[in-house]
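Here's the letter readout for the chains.
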Amino acid sequence: MRHFLLFCIILFFAIGSTSAQRIETSFNDNWSFILEDNSDFSKVNLNLEGWTNLDIPHDWSFEKGVRKGGDQGQGGGYHDGGVGWYRKDFIINEDKLNKIHYLEFDGVYMNSEVWINGKLLGKRPYGYISFRYDISPHLVAGKNSIAVRVDNSLEPSARWYHPCGIYAPVRMIEVDPTHIIPNGIFVTTPKIDDDNGSVLIDLSLMNVDGQINVEHSIKSPDGSELASNIEEISIGQKTVQTELTVANPKLWSPETPTLYTLVSRISRNGSLLDEKSTKFGFRTVEWKTESGFWLNGENIKLKGVCEHWEGGPVGGAWTKPMLRWKLQLLKDMGINAIRPSHNPTPPMFYDICDEIGLLVMDEIFDGWHKKAPEDYGKQAFDEWWQRDVTEWITRDRNHPSIFVWSLGNETHSNVAPKLVKFGKSLDSTRLFTSGAGNPEDMDIQGVNGGSETKLFIESKTLDKPFISTEAPHTWQTRGYYRTQTWWRDNELPGTYELPNLTEKEIFFYEGLNPKDWKNRKQRFNSSYDNATVRVSARKYWEVMRDTPWHSGHFRWTGFDYYGEAGLVHGGLPFNLFMGGALDVAGFKKDLYHFYRSQWTKEPMIHMLPHWTHPRMKKATKIPVWVYSNADEVELFLNGESLGKDSPGTVWNEMQCEWLVPYEEGTIEAVGYADGKEVNRTSFSTAGQASTLRNTLQKLNAEAGFRASYIVTSEAFDIDDNPSPYAENKVYYVINGDVTKVSMENGNPIDPTSRTKANHRALFFGKTRLFLEEKQAATNASVFIASILGDKALYQSNEITISVQDLRLFGNQQPKEIQIFYTLDGKNPEFSGIPYTKPFRIEDNTTVKAVVKQNDKVVLHMEESFGKSEGLFWGDEHSADMWIGRGVNIAAEDGILTGTAISSRDANRFKGSGFVDFKKGEGSITWYQENDGENGDYSIRFRYMHNNEKKLHPMNLFVNDEFVRKIEFKPTGGWDKEWKFTPTIITLKSGANTIKLETTGESGPYIDELFID
């Protein structure tokens, strides 16, 4: 009986969505995968020994993890590419062979080729587009096989991290030969008033071989029918246009995301042939040059974020429950708009935005020509852009959330007018823009970082509507604070003021010792909203809010994301970009709460920084900020009021602020509205981490995806105060019917594998485990353990061991456990001391421990403690060596061709090495983002050689255009005699490449490129 019920459950989910003769079957489960390349893998019969069984979505690059020298380079966070194959078998009954079967992919990155029963169906180069094949001619009764080759051998193929593989859902669609073609329904609402809303339906059909009836009905959100129509069409007719009217339509908006359903049916002689449901909404959009953006007749500001598909703890392999979690977190911050940057996303993204109320600037391309060395712009744009734009617009145009089309990002080409004209032929109801690409050809002028400057805002004259497509650019590392302003590329001309918060810096901890930095960027970024390119988040919100023609902004970004690690943070060990309001684990930064204070109405209060500063001198004045939407806030230290402050409207008054002399104890903020308390928050000075609190969040199954679970681990001291500097490893043993997706803590320099290890360290006191249910799951638990204490033994040398058996679902009972530990390096399994209470250790001690259940070891752990462990704690002079230094990019981190290799066979080089051409020919290519205007920049190459009378001439290219020949005079040695050769180049706004290429006389050692 149990097996029968299991069969019924599996059959139910396999069917997916069934509408009469249309059957949509999820093809996400039970694929075989191998990260190798062999032409035999496409054959019908194949021995799959050595292949891995897995479910889709899948991202093999994220699964493999970060690797020094990773194929994707700094832009991809040092992840790999490669070639992978997927295979799947399925059964077709003989009576189904008279149907049409489409195999539909929502996203495969990139250069996918698909075979059915050994027959090649085609290739799709673009990694961010949906596509499908009619597999009907190649099907046989019984077993059929799918083979998919995914080719990411040419890297880097993007300027940020990209997934590798079938990273989005797959389905098979079975229809009658006479059916609604894919993307064949276009719903518009051309006339809307208080009384009526007209609905215009364009329907495209396939194989109309006789008279058929076409019926449309519109249903309200509660399922009741509001309007309907039926008409007869004749043989050969391919399109049908119908207009219906809905009385008193409710408008779709971010506050009221009301969705209606169009049900379209075609039938012959009373027999239903096909049926498809389409969600849509009533809303009006208008753009005005003088006053910006109007939705449903209301002038509103677009409070948006940019968001890569790969921003979060799954790489690119999002399931719908996890994606909903991510988008809801952003929505709860107060945003009303989102820009998927710089590519379309799988359809489920837009479905969720429709449902929760997020306006979408839907974007198709990064560049229209090469920007990354091997990107779509280089590989396939010219041949494929029309097919990809067609799929993109016809697929997405019914979503009410999509309010504007964006054709590119920081790209320039004479193809722009063709793109706009072609796009309008597919959808004339929306306007077109771009992120700083050919603004003269767009309906709306989109500007990226250049829109952040005082010069732009205060002197700009516009002749068309404007939107800030990528601004502001600010950075924060959760839990890290600095009172001195940090400018990414030094303070640029024309910026708004951003003064220091104190005369001298008061915080002196770092993730890395400055002596080990590769360049001046290798620090964390302050959470006071004072780390930026040009402008703070607070000032740009003021500018946007108070400038009538400013339609709004899409900040860069919502979530942190993997990749672009060299751009802001200087490269390895940094492997991700910290520009988000949330980190990659989904933990909220202080910035998140700033936006809540400005963009949400529910009473909120948030205070920063924490109140644990063990190495700070007593009475040091600390800027204490409170973000709140209360009328006023009162601050207390150890029960004594420090006065009240009210949130202001000017940028540097948006936070309530006090300078508080530090003393241990409790600091508390109380918010008041109309004189009455509405909320409060507090911090107490914490001791060393001694307990681990583990909480569970379930994300419910939906759309054929199984449920996911988020386990959050946070460190607390013995008095239940959060321990903000805890950085001990948290170990996990997963039991039962769940699989590990990843472990993530938000730390940009943590080298531990997110997918393969069994532990992840706390980062400023927090970390997370992400899990997904298996098929037919019944029981699951996770065993969580940690050896806790102050890594540096500064606060205390007392150590505790925390263990919890956390039940996820099912009825299994926790098992009795035993813990044994050693302090002398021996294996605690055999010579361990039973753990019964906290114990004390000496400097430079490694604690090893085992956990046993029923006398069986289930977990080995270890943690090292000592003065040199954990965060670097310095003083005001620790980073002096980096003062005044320009941007330097290591040569060995560039893209190397020919005989050029990374070497360490010399002395006094900077970073991790230098480039040696080994007496041969080759090139080095650097990537540099310019967030200023086009202009001239001084650059220097640090080099060395001792070939007398030789200049080793090399050609210098900027953005693939020859600039000049560079000559390198002998420096006097091949070991440590480094010198510089300077020149001037012109960088365009946005992405730039700088290349040095030998000219037949090899090259010197090249150490670094400096941009001054």
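Residues numbered from 1 in each chain as written. Predicted model: local features only at pLDDT ≥ 70, side-chain atom pairs only at ≥ 80, totals over all residues. Heavy atoms only, no water.

## With respect to the packing of aromatic side chains
Condition: A pair of aromatic rings is counted whenever rings of Phe, Tyr or Trp (Trp by its six-membered ring) have centres within 6.5 Å, and the orientation is called stacked for planes under 30 degrees apart, edge-to-face for over 60 and tilted otherwise. Secondary structure elements follow DSSP: runs of H or I of four or more residues count as helices, runs of E of two or more count as strands, with numbering from the N terminus. The buried label goes to any residue with under 20% of its type's maximum accessible area, the exposed label to any with over 50%, and the partly exposed label to all in between, with areas taken from a 1.4 Å probe on protein chains only.
Counted by the stated rule, this structure contains 73 aromatic pairs. Between tryptophan 385 and phenylalanine 422 the ring centres are 5.6 Å apart and the planes differ by 85°, which places this aromatic pair in the edge-to-face class. Of the two residues, tryptophan 385 sits in helix α6 (residues 381–396) while phenylalanine 422 sits in helix α7 (residues 416–426), which places them 37 residues apart along the sequence. Overall, the relative accessible area of 8% leaves tryptophan 385 in the buried class. Residue phenylalanine 422 is classed as partly exposed on the basis of its relative accessible area, which comes to 21%. Centroid distance tyrosine 821 to phenylalanine 839: 4.0 Å. Interplanar angle 5°. Geometry classified as stacked. Remark: phenylalanine 839 occurs in strand β54 (residues 839–840) and tyrosine 821 occurs in strand β52 (residues 817–822); sequence separation between them is 18 residues.

## Section: the sheet that holds β52
Note the following rule: Strand pairing requires that DSSP identify at least two bridges connecting the strands.
The sheet built from four strands is open, its strands ordered β53-β52-β55-β56 with antiparallel pairing. With one partner strand each, in any of the chains shown, β53 (833–834) and β56 (856–865) form the two edges of the open sheet. Sheet topology note: the β52/β53 ladder contains two bridges and is antiparallel. Bridging from a neighbouring strand, phenylalanine 820 pairs with proline 834 of β53.

## Section: the environment of leucine 659
Under the convention used in this document: The contact criterion used is simple: two residues touch if any of their non-hydrogen atoms lie within 4.5 Å.
With respect to the element layout, leucine 659 can be found in strand β41 (residues 656–661). For leucine 659, the contacting residues outside a window of four places in its chain are Thr502, Lys621, Ile622 and Pro623.

## Things to note about the pattern of salt bridges
Heads up, the condition is: Criterion for a salt bridge: a side-chain nitrogen of Lys or Arg within 4 Å of a carboxyl oxygen of Asp or Glu.
Taken as a whole and judged by the stated rule, the model has 60 salt bridges. Aspartate 40 is paired through a salt bridge with lysine 43; the nearest N and O atoms lie 3.1 Å apart. For glutamate 668, the salt bridge identified is with arginine 680, shortest N-O distance 3.0 Å. Here the residue glutamate 668 occupies a position in strand β42 (residues 666–673), and arginine 680 occupies one in strand β43 (residues 676–684), the gap between them amounting to 12 residues. By relative accessible area, which is 43% here, arginine 680 ends up partly exposed.

## Things to note about the environment of arginine 87
For arginine 87, the location among the structural elements is in strand β5 (residues 82–92). A relative accessible area of 4% means that arginine 87 is categorised as buried. On a C-alpha basis, the gap between arginine 87 and isoleucine 146 in space is 5.4 Å, while along the polypeptide they are 59 residues apart. For arginine 87, the residues in contact, after removing those within four places along its chain, are Trp31, Ser32, Phe41, Ser42, Lys43, Val44, Leu46, Leu48, Trp51, Ser145, Ile146 and Ala147.

## Focus: unusual backbone geometry
A cis geometry characterises the amide bond from alanine 471 onward to proline 472, with omega recorded as 0°. Take proline 472: it is sitting in the loop between β30 (466–468) and β31 (486–487). Of note in the backbone geometry, phenylalanine 764 takes a positive phi value of approximately 45° without being a glycine. Structurally, phenylalanine 764 can be placed in the loop between β48 (759–761) and β49 (766–773).

## Remarks on the nonpolar core
We count it as follows: By convention a nonpolar core is built from buried Ala, Val, Leu, Ile, Met, Phe, Trp, Tyr and Cys residues, the set being connected through side-chain atoms within 4.5 Å.
With 130 residues, the main nonpolar core has Leu327 and Phe365 as its most contacted residues. Looking at which element gives the most residues to this core, the answer is helix α3 (residues 320–333), with seven residues.

## Brief notes about α3
Put simply, the rule is: Working rule for helices: expected span equals 1.5 Å times residues minus one.
Under the 1.5 Å per step criterion, the end-to-end length of α3 is 20 Å for 14 residues, consistent within 8% with the ideal 20 Å. Burial analysis of α3 places 11 of its 14 residues in the buried class, the great majority of the element. Inspection of α3 places Lys320, Pro321, Met322, Leu323, Trp325, Lys326, Leu327, Leu329, Leu330, Lys331 and Met333 among the buried residues, and these make up the whole buried set. Glycine 334 sits one or two residues past α3 and shows a positive phi near 115°.

## Describing the packing of α6 against α7
Which entries qualify depends on this criterion: An axis is simply a line fitted to the C-alpha atoms; with a helix, the fit covers only the stretch in contact. Between two such axes, the angle follows the N-to-C directions and lies from 0 to 180 degrees. The cut-offs work like this: below 35 degrees is roughly parallel, past 145 is roughly antiparallel, 65 to 115 is roughly perpendicular, and the gaps in between are oblique. By definition, turning the near helix anticlockwise from the far helix through less than a right angle yields a left-handed crossing, and turning it clockwise yields a right-handed one. All amino acids are sorted into three groups, where Ala, Val, Leu, Ile, Met, Phe, Trp, Tyr, Cys and Pro are nonpolar, Asp, Glu, Lys and Arg are charged, and the leftover types, Gly among them, are polar.
Interhelical geometry of α6 versus α7 gives an angle of 30° and a closest axis separation of 9 Å. In this view, α6 runs roughly parallel relative to α7, as classed from their interaxial angle. Once α6 is placed against α7, the crossing between them reads as right-handed. Note on element contacts: α7 touches α6 through Lys418, Leu419, Phe422, Gly423 and Leu426, opposite Phe381, Trp385, Gln386, Val389, Thr390, Ile393 and Thr394. Its residues assigned to classes, the contact of α6 with α7 comprises seven nonpolar, four polar and one charged.

## Notes on the pairing of strand β19 (residues 260–268)
Across the nine residues that make up β19, a large majority, seven, are buried. Across seven bridges, the pairing between strand β16 (residues 212–219) and β19 is antiparallel. Residue glutamate 215 lies in a different strand from β19, and its bridge partner there is arginine 265. In this structure, β19 lies alongside strand β20 (residues 271–280), joined through nine bridges in antiparallel fashion. Its bridge partner lying in β20, threonine 261 is registered against lysine 279. Two successive antiparallel strands, β19 and β20, enclose a turn made up of two residues, where asparagine 269 displays a positive phi of approximately 55°.

## Thoughts on the confidence of the model for the chain
Note the following rule: pLDDT is a per-residue confidence score from the predictor, ranging from 0 to 100.
Of the residues in the chain, 98% reach a pLDDT of 70 or more, and the chain-wide mean stands at 94. A low-confidence stretch, residues 1–19 stays under pLDDT 50, and its non-local contacts, those more than four residues away or across chains, total 15 contacts.

## Re the side chain of histidine 606
As a reminder of what qualifies: Here a polar contact is recorded for every N or O atom pair within 3.5 Å, except that within protein the pair must consist of a potential hydrogen donor and a potential acceptor, and residues adjacent in sequence are included only if both atoms are side-chain atoms.
Within the secondary structure layout, histidine 606 lies in strand β37 (residues 605–608). Looking at histidine 606, its side chain comes within polar contact range of the side chain of aspartate 590, at 2.6 Å. Residues within four places of histidine 606 in sequence aside, it is in contact with Asp590, His593, Trp625, Val626 and Tyr627.

## Focus: the packing of α3 against helix α4 (residues 347–356)
Packing of α3 against α4 leaves a shortest axis separation of 10 Å and a crossing angle of 45°. As far as their axial angle goes, α4 and α3 are oblique. Crossing handedness for the pair α3 and α4: right-handed. Contact with α3, carried on its side by Lys320, Leu323, Arg324, Leu327, Gln328 and Lys331, involves Met348, Phe349, Asp351, Ile352, Cys353, Glu355 and Ile356 of α4 and no other residues of that element. Counted by class, the contact of α3 with α4 contains seven nonpolar, one polar and five charged residues.

## Remarks on α7
Note the cut-off: Here the arc refers to the set of directions running from the helix axis out to each C-beta atom.
The set of residues buried in α7 consists of Ala416, Leu419, Val420, Gly423 and Leu426. Projected down its long axis, α7 shows its buried positions confined to an angular sector of 125°, all on one face. Pointing more than 90 degrees away from the buried face of α7 are the exposed residues Lys418, Lys421 and Ser425. Packed against the buried residues of α7 are β14 (179–188), α6, β27 (402–409) and β28 (432–435).

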